[in-house]
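# Reading the structure
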Amino acid sequence: MHTNYTYAFITLIILLVICILANISLGSVSIPISAIFESFVGTLDHESWSYIIKDYRLPKALTAVLVGSGLGISGLLMQTLFRNPLAGPFVLGISSGASLGVALVILGAGVFGGAFATIFVSKWSIIIAASLGSFLVLSAVLVVSSKVRDTMAILIIGLMFGSITAAVVSVLSYFSSAEQLQQYIFWGFGSLGNLSWQELGIFFIVYSLGMLLTIFSIKGLNSLLLGENYAKSLGLNIKQTRLIIIIATSLLAGTITAFAGPIAFIGLAIPHITRQIFTTSNHKILIPAVFLFGAIIMLICDSIAQLPTSDYTLPINAITSLMGAPVVIWLLVRKRKMLF
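Residues numbered from 1 in each chain as written. Predicted model: local features only at pLDDT ≥ 70, side-chain atom pairs only at ≥ 80, totals over all residues. Heavy atoms only, no water.

By the naming in an unreviewed UniProt entry, the protein chain is FecCD family ABC transporter permease, taken from Bizionia hallyeonensis. What the UniProt record of the protein chain gives under Subcellular location (unreviewed entry) is the line "Cell membrane". (UniProt positions renumbered as here; feature names shortened; annotations may be inferred.)

Encoded structure:
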């Protein structure tokens, strides 16, 4: 690895650790950094602080790392596969499928009656419904994409499936009560602070599978940047590589949406921010860099959303877009061109 990149990675790792500590420290109750270290080694006497750190803020900080890095890498995979700077982790309809699954659970009471909500609406039912929705839409996209050769056709197919699921959600919304709509809207805001250690463990296992597939496809991703025809001449199996990239993206983005809700901006913008700073197209460097940038920016956004010293929490979706979009605009204006 180039020396400049080594220093950049060391800086980013230090910044990530600082952001994790700051994220755990800040909130409605401010906790000193020293108390965080004491809780890690089991010497903290303050019982309420220990509970807040271990059962709420540490899982939330780790969730932010997984969500930010996972969405950033998903966006990078899609932008490389489709060679489209506007492609994000949800272009294949993964988020739309998850939204449909959740809508069927939360808004289904408007169609199937109040007993439906009483029986089926729970935290785990929402996670399972979002996962199944993502999986079903992905399966449909994969079946259709196996019939087409053009990669751009898969992008259009994904967008069309997204439109279909959005239409079904609209119909369900029309027959739902204000209370059910409010619950669905709150899910759509995204949230990082609702996961227990058990749920975080399941999240991490699926996330790790997506990351392993991503690492496995690095060579293919670098080849695709040269164009599909050139990649074929290098002996790359385009269909197999495309399938691995789509599955990796689906595992990452689908699981994140299921556990944390649909979180905007991160997947689209982080790859661009990383390319502007690292000025390379080599995925051996881009993937770890996107991982670190995604995790850092997600932690910063979450810390701001907590409104330190206040009892209020802002929607994480709003913060990621409000904080991130101006940064991307500034970087592109400063560099004067889109690196790809």
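### Observations regarding the packing of aromatic side chains
The final tally for this structure, using the stated rule, is 9 aromatic pairs. Between the aromatic rings of tryptophan 124 and phenylalanine 259, the centroid separation amounts to 6.4 Å while the plane-to-plane angle is 85°, which identifies the pairing as edge-to-face. Pair noted here: tryptophan 124 is in helix α7 (residues 123–145) and phenylalanine 259 is in helix α13 (residues 238–260), with a separation of 135 residues, a long-range link. Taking relative accessible area as the criterion, tryptophan 124 reaches 33% and is therefore assigned partly exposed. Here phenylalanine 259 falls in the buried class, since its relative accessible area comes to 10%. Their ring planes at 5° and their centres at 5.3 Å tell us that phenylalanine 203 and phenylalanine 259 sit as a pair that is stacked. Of this pair, phenylalanine 203 sits in helix α10 (residues 197–216) while phenylalanine 259 sits in helix α13, and the two are 56 residues apart along the sequence. Exposure remark for phenylalanine 203: the relative accessible area of 0% places this residue in the buried category. Three or more aromatic residues link up through ring pairs in this structure, and these residues are Tyr5, Phe9, Phe278 and Phe293. (Phe/Tyr/Trp six-rings, centres within 6.5 Å; stacked < 30°, edge-to-face > 60°. Helix = DSSP H or I, 4+ residues; strand = E, 2+ residues; numbered from the N terminus. Buried < 20%, exposed > 50% of the residue type's maximum accessible area, 1.4 Å probe, protein only.)

### Regarding helix α3 (residues 47–82)
Spanning 36 residues, α3 covers 51 Å between terminal C-alpha atoms, matching the ideal 52 Å at 1.5 Å per step. A maximum bend of about 40° is found in α3 at isoleucine 53. Backbone geometry just downstream of α3 places arginine 83 in the positive-phi region, at approximately 50°. (Expected span 1.5 Å × (residues − 1). Bend = angle between axes of the 7 residues up to and from the residue.)

### What about the packing of α3 against α10?
Relative placement of two packed helices is described by the angle separating their axes and the distance separating the axes. The contact between α3 and α10 brings their axes to 11 Å, and the two run at 25°. By the angle between their axes, α3 is roughly parallel relative to α10. Handedness of the α3/α10 crossing: left-handed. On α10, the residues touching Lys54, Asp55, Leu58, Pro59, Leu62, Thr63, Leu66, Val67, Ser69, Gly70, Ile73 and Leu77 of α3 are Trp197, Leu200, Phe203, Phe204, Tyr207, Met211 and Thr214. Across the contact of α3 with α10, the residue classes break down as 13 nonpolar, 4 polar and 2 charged. (Axes fitted to C-alpha atoms, helices over the stretch in contact; angles between N-to-C directions. Parallel < 35°, antiparallel > 145°, perpendicular 65-115°, else oblique. Left-handed = near helix turned anticlockwise from the far one by under 90°. Contact = heavy atoms within 4.5 Å. Nonpolar A, V, L, I, M, F, W, Y, C, P; charged D, E, K, R; others polar.)

### Considerations on unusual backbone geometry
A positive phi angle, near 50°, is found at arginine 83, a position not held by glycine. Note that arginine 83 resides in the loop between α3 and α4 (94–106). Positive phi outside glycine occurs at phenylalanine 265, with the angle close to 75°. With respect to the helices and strands, phenylalanine 265 occurs in the loop between α13 and α14 (266–278). Residue class for phenylalanine 265 comes out buried when judged on its relative accessible area of 15%.

### Brief notes about helix α8 (residues 151–174)
Its 24 residues give α8 an end-to-end C-alpha distance of 36 Å, which sits within 8% of 34 Å, the value for a rise of 1.5 Å per residue. Every buried residue belonging to α8 is among Thr151, Ile154, Leu155, Ile157, Gly158, Gly162, Thr165, Val169, Leu172 and Ser173, and all of these are buried.

### A closer look at the side chain of aspartate 302
By the secondary structure assignment, aspartate 302 is in helix α15 (residues 283–305). A polar contact of 2.9 Å, which involves the side chain of aspartate 302, links it to the side chain of asparagine 23. In terms of polar contacts, aspartate 302 uses its side chain to reach the side chain of lysine 60, at 2.7 Å. Non-local contacts of aspartate 302, meaning those with residues more than four positions away in its chain, are made with Asn23, Lys60, Leu192 and Ile316. (Polar contact = N/O pair within 3.5 Å; in protein donor to acceptor, adjacent residues only side chain to side chain.)

### Notes on the confidence of the model for the protein chain
Confidence in the prediction for the protein chain averages 85 pLDDT; 93% of positions are at 70 or higher. Taken element by element, the predicted model of the protein chain shows its lowest mean pLDDT in helix α6 (residues 114–120) (51) and its highest in α15 (95). (pLDDT = per-residue confidence, 0-100.)

### Remarks on the nonpolar core
Val67, Phe82, Leu92, Phe203 and Ile263 are the most contacted members of the largest nonpolar core, which totals 95 residues. Take this core: its biggest share by element is 15 residues, from α3. Excluding residues within four positions of it along the chain, valine 67 makes contact with Leu192, Phe203, Ile256, Ala260, Ile263 and Met298. (Core = buried A, V, L, I, M, F, W, Y, C linked by side-chain atoms within 4.5 Å.)

### Some remarks on the state of the cysteines
Enumeration according to the criterion identifies 0 disulfides in this entry. Cysteine 19 carries a free sulfur, and the closest cysteine sulfur to it, the one in cysteine 301, is 10 Å from it. Judged by relative accessible area, which is 2%, cysteine 301 ranks as buried. (Disulfide = S-S within 2.5 Å.)

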